[in-house]
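# Observations on the three-dimensional arrangement
What follows is the residue order along each chain.
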2 protein chains.
Amino acid sequence: MAVTSFEASLRQRCSNCSLREICLPLGLDAEELGKLDDLVKRRRRVFAGQHLFRAGDPLQSLAAVRTGFFKIYEVSAGGHEQITAFPMEGELMGLDAISTDAHRGNAVALEDSEVCEIPFTRLETLLSDLPRLQHQFHKLLSGAIASDHGLMMVLGTMTAELKVAAFLLNLSDRLEARGQPRAIIRLPMSREEIGNYLGLKLETVSRMFSRLRDDGLIATEGRKTEILEHKALRDLCLQGPLRA
Amino acid sequence: MAVTSFEASLRQRCSNCSLREICLPLGLDAEELGKLDDLVKRRRRVFAGQHLFRAGDPLQSLAAVRTGFFKIYEVSAGGHEQITAFPMEGELMGLDAISTDAHRGNAVALEDSEVCEIPFTRLETLLSDLPRLQHQFHKLLSGAIASDHGLMMVLGTMTAELKVAAFLLNLSDRLEARGQPRAIIRLPMSREEIGNYLGLKLETVSRMFSRLRDDGLIATEGRKTEILEHKALRDLCLQGPLRA
DNA sequence: GATTGGCCTTGATAGCTGTCAAAAGTAGCA
DNA sequence: TGCTACTTTTGACAGCTATCAAGGCCAATC
């Protein structure tokens, strides 16, 4: 029992987290990691379907996904919902709240998940003391912008088939960056949620999955998807709506 | 002559810049402003059509638009160009470069413009000393994410007519935030560039301008556009693709 | 094991936007 | 002023995606 709780406490620290090469701790030395550990004390389980935060909530903490999968959606003034991201392990949520001190998005767990809460005001204080942590935080903010631009490119230039292909490749790349097999993708979101994210209707998403399957590029079994022809799928995205 | 150059040097400082309530200096006291002034020494003219930076350039400086208008476009692996922003006065460019230490976008002046160059490494050093500047910088990064999400909502949920209406309202709001008349919009970009930004073809953009004009919501005279019915235009965006 | 409800797939049709084409408008320049 | 090149507008038509509809699959429940 004592051993178990010791191991649990180890797992509960940034310094031993398997995601430290992806998340906030990247590039820190032991002393710096210790200070970050002091800050990120609160871990929290979020069950499937449960909200972690809602639009309008004051920004208390940023949250890093430790295990599981989330969706972030925003609601326009006209009442339309748009999913803006599907954060997975090692990704931060709530970065867009800093500008207004209140969350703009709603975060829902797509499966039973666990997050590390990072009190934002205390984080900013710590950043001033730890230049390397500051730089890594800026890289994560900047990376979020870059990744949003990637989605804008998908939304603005691609046909339905390419959008779905790009979506699968994006997930595949992110899995690979976490040391997981890049070919096998377990989708925690529905066709409707994929469609919302990609600017498509759920029927169109379904049709495109079928088309990619019929073309032999992927195999599907419900929400389990396997990429059979990785290179062909990437070439499809590259050629794009534009041929040479 | 002496007076002129004195006035010029005043205008060349963050502490006296008319954009200090929008840009990086927001919230700083006199001493802090002085340190920022020391950092942001280089102003640079960029003539219409000229590039300020290109994708792949190492990140040396962020740039704040002082006067004029830019477009930022990214080129996908497949060679497709996508405009991701039209920065105007007081807006920062190059934030997405921090994550990779190299620019991802290409910045082109749409008209003769002037920018303030902010050496990034020195900025990060200064941020550690000036918590308020650090917080404002984070707000601007966060605001860039929020604004990208706004565009994703437009791209993902709106029809062509609503996209163009939302585009005009966005420009109108940003002009108003700078104390300029919100109804009169001088577009420095072509129909093709608007279309690229909104995920539409130039002909469709032109048709939607004509439709909004025929409906009495706007008046057009080439690239000069006037919003005649501001509320009606906003209502149009709100009702969106969704009734009720 | 049958039933129920949610999600996914597939088909037929309609509507919106893209494509192709031509003419009109605008700006720069000799 | 007149020329040229570019941008914008407008029209006709095709193609892609949304819509409407029905049926199948799966898991949870009784």
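Rules behind the numbers
Residues numbered from 1 in each chain as written. Chains lettered and ligands numbered in written order. Predicted model: local features only at pLDDT ≥ 70, side-chain atom pairs only at ≥ 80, totals over all residues. Heavy atoms only, no water. Helix = DSSP H or I, 4+ residues; strand = E, 2+ residues; numbered from the N terminus. Buried < 20%, exposed > 50% of the residue type's maximum accessible area, 1.4 Å probe, protein only. Contact = heavy atoms within 4.5 Å. Areas by Shrake-Rupley, 256 points an atom, 1.4 Å probe, with all protein chains shown as cover. Lys, Arg positive; Asp, Glu negative; His and termini not counted. Charge placed at Lys NZ, Arg CZ, Asp CG, Glu CD. Near = heavy atom within 4 Å. Polar contact = N/O pair within 3.5 Å; in protein donor to acceptor, adjacent residues only side chain to side chain. Nonpolar A, V, L, I, M, F, W, Y, C, P; charged D, E, K, R; others polar. Disulfide = S-S within 2.5 Å. Pairing = 2+ DSSP bridges. Domains from an automatic or database assignment. Buried area = accessible area lost by both parts, 1.4 Å probe. Salt bridge = Lys/Arg side-chain N within 4 Å of Asp/Glu carboxyl O. Expected span 1.5 Å × (residues − 1). Core = buried A, V, L, I, M, F, W, Y, C linked by side-chain atoms within 4.5 Å. Least-squares fit on C-alpha atoms with pLDDT ≥ 70 in both.

### Side note on the overall build of chain A
Looking only at helices and strands, chain A has eight helices and eleven strands in total. With respect to the principal axes defined by its C-alpha atoms, chain A has extents near 55 × 45 × 35 Å. Among the 244 residues that make up chain A, the fraction classed as buried is 52%. Residue pairs at least 24 apart in sequence account for 71% of intrachain contacts in chain A once pairs closer than 6 positions are excluded. Of the roughly 11,200 Å² of accessible surface on chain A, 50% is carried by carbon and sulfur atoms. Mean positive and mean negative side-chain charge positions of chain A (31 and 33 charges, respectively) differ by 1 Å.

### A word on the protein's contact with DNA strand C
Lining the immediate surroundings of DNA strand C are 17 residues, of which A:R191, A:S206, A:S210, B:A160 and B:T204 lie closest. Sugar plus phosphate, as a fraction of atoms of DNA strand C within 4 Å of the protein: 62%. A distance of 2.5 Å separates a phosphate oxygen of DNA strand C from a polar side-chain atom of A:S210. The side chain of B:R207 places a nitrogen or oxygen atom 2.9 Å from a base oxygen of DNA strand C. Going through the elements one at a time, α7 (202-214) of chain A together with α7 (202-214) of chain B are the ones with two or more residues in the surface near DNA strand C. No other element matches α7(A), which puts six residues into the surface near DNA strand C. Here the surface near DNA strand C is built from residues that sort into three nonpolar, six polar and eight charged.

### Regarding the state of the cysteines
The term disulfide refers to a covalent linkage connecting the sulfur atoms of a pair of cysteines. Tallied over the entire structure, the rule returns zero disulfides over all chains. Left without a disulfide partner, A:C14 is nearest to the cysteine sulfur of A:C116, which lies 6.2 Å away. Of all cysteine sulfurs, the one in B:C17 lies closest to B:C116, which takes part in no disulfide; the gap is 6.2 Å. By relative accessible area, B:C116 is classed as buried at 8%.

### Considering the protein's contact with DNA strand D
Not every one of the 17 residues close to DNA strand D is listed here, only the nearest: A:A160, A:T204, B:R191, B:S206 and B:S210. Taking A:T204, its side chain carries an N or O atom lying 2.4 Å from a phosphate oxygen of DNA strand D. Here a base oxygen of DNA strand D and a side-chain polar atom of A:R207 are 2.9 Å apart. Put simply, the parts of the chain that give the surface near DNA strand D at least two residues each are α7 of chain A together with α7 of chain B. Tallying contributions element by element places α7(B) first for the surface near DNA strand D, with six residues. Of the residues assigned to the surface near DNA strand D, the class counts are three nonpolar, six polar and eight charged.

### Section: the environment of B:E161
All names here are of chain B. Positionally, E161 belongs in helix α5 (residues 160-177). Once the C-alpha coordinates of E161 and T204 are considered, the two residues, 43 residues apart in sequence, prove to be 8.8 Å apart. Dropping the residues within four chain positions of it, E161 is found in contact with M208, R211, L212, D215 and L236.

### Comments concerning the sheet that holds strand β8 (residues 113-119) of chain A
Whether parallel or antiparallel, the strands of a sheet pair through hydrogen bonds between backbone atoms. Residue and element names in this part refer to chain A. Overall, antiparallel pairing links the four strands, which are arranged β1-β8-β3-β6 in an open sheet. Two strands close off the open sheet at either side, each with one partner strand: β1 (43-46) and β6 (92-93). Across four bridges, β1 lies against β8 in antiparallel orientation. The residue bridging R44 from the neighbouring strand is V115, located in β8.

### Some thoughts on the sheet that holds strand β6 (residues 92-93) of chain B
Residues and elements named next belong to chain B. Spatially, β1-β8-β3-β6 is the arrangement adopted by the four strands of the open sheet, whose pairing is antiparallel. With partners counted over all chains shown, the strands left at the sheet margins are β1 (43-46) and β6, one partner each. Of the strand pairs in this sheet, strand β3 (residues 61-67) and strand β8 (residues 113-119) are connected by six bridges, and their pairing is antiparallel. Bridged to T67 within β8 is E114.

### Describing the domain arrangement of chain A
Residue and element names in this part refer to chain A. In terms of domains, chain A is made up of domain 1 (2-153) and domain 2 (158-239). Inter-centroid distance (C-alpha atoms) of domain 1 to domain 2 is 25 Å. With 18 residues of domain 1 in contact, the opposing surface of domain 2 contributes 14 residues. Taking both sides of the interface into account, the surface hidden between domain 1 and domain 2 amounts to around 1,500 Å²; carbon and sulfur atoms contribute 56%. Along the contact surface separating domain 1 from domain 2 lie four salt bridges. One salt bridge connects K71 with E193, and the closest N-O pair in it is separated by 2.9 Å.

### Some thoughts on helix α4 (residues 131-157) of chain A
Helix length check: α4(A), at 27 residues, gives a terminal C-alpha distance of 39 Å against a target of 39 Å (1.5 Å per residue), a fit within 8%. Where burial is concerned, most of α4(A) is hidden: 19 out of the 27 residues are buried.

### Brief notes about the nonpolar core
A:F167, A:L168, A:L187, A:L212, B:F167, B:L168 and B:L187 are the most contacted members of the largest nonpolar core, which totals 78 residues. Apart from residues no more than four positions distant in its own chain, B:F167 is found in contact with B:F86, B:L187, B:M189, B:I194, B:Y197 and B:L198. Formed by 54 residues, the second largest nonpolar core is a distinct cluster that contains A:L59, A:L95, A:I118 and B:L95.

### Some words on the environment of B:K201
Looking at the secondary structure, you find B:K201 in the loop between α6 (191-198) and α7. Remark: the alpha-carbon pair of B:K201 and B:R191, spanning ten residues in sequence, is separated by 8.4 Å.

### Some thoughts on the relation of the copies chain B and chain A
The two copies are related by a screw motion: chain B maps onto chain A through a turn of 180° and a shift of 0.0 Å along the axis, at an RMSD of 0.0 Å. The transformation just described matches what one would write down for a two-fold rotation axis. If distances are taken from each C-alpha of chain B to the rotation axis, the shortest is found for B:S128, at 2.1 Å.

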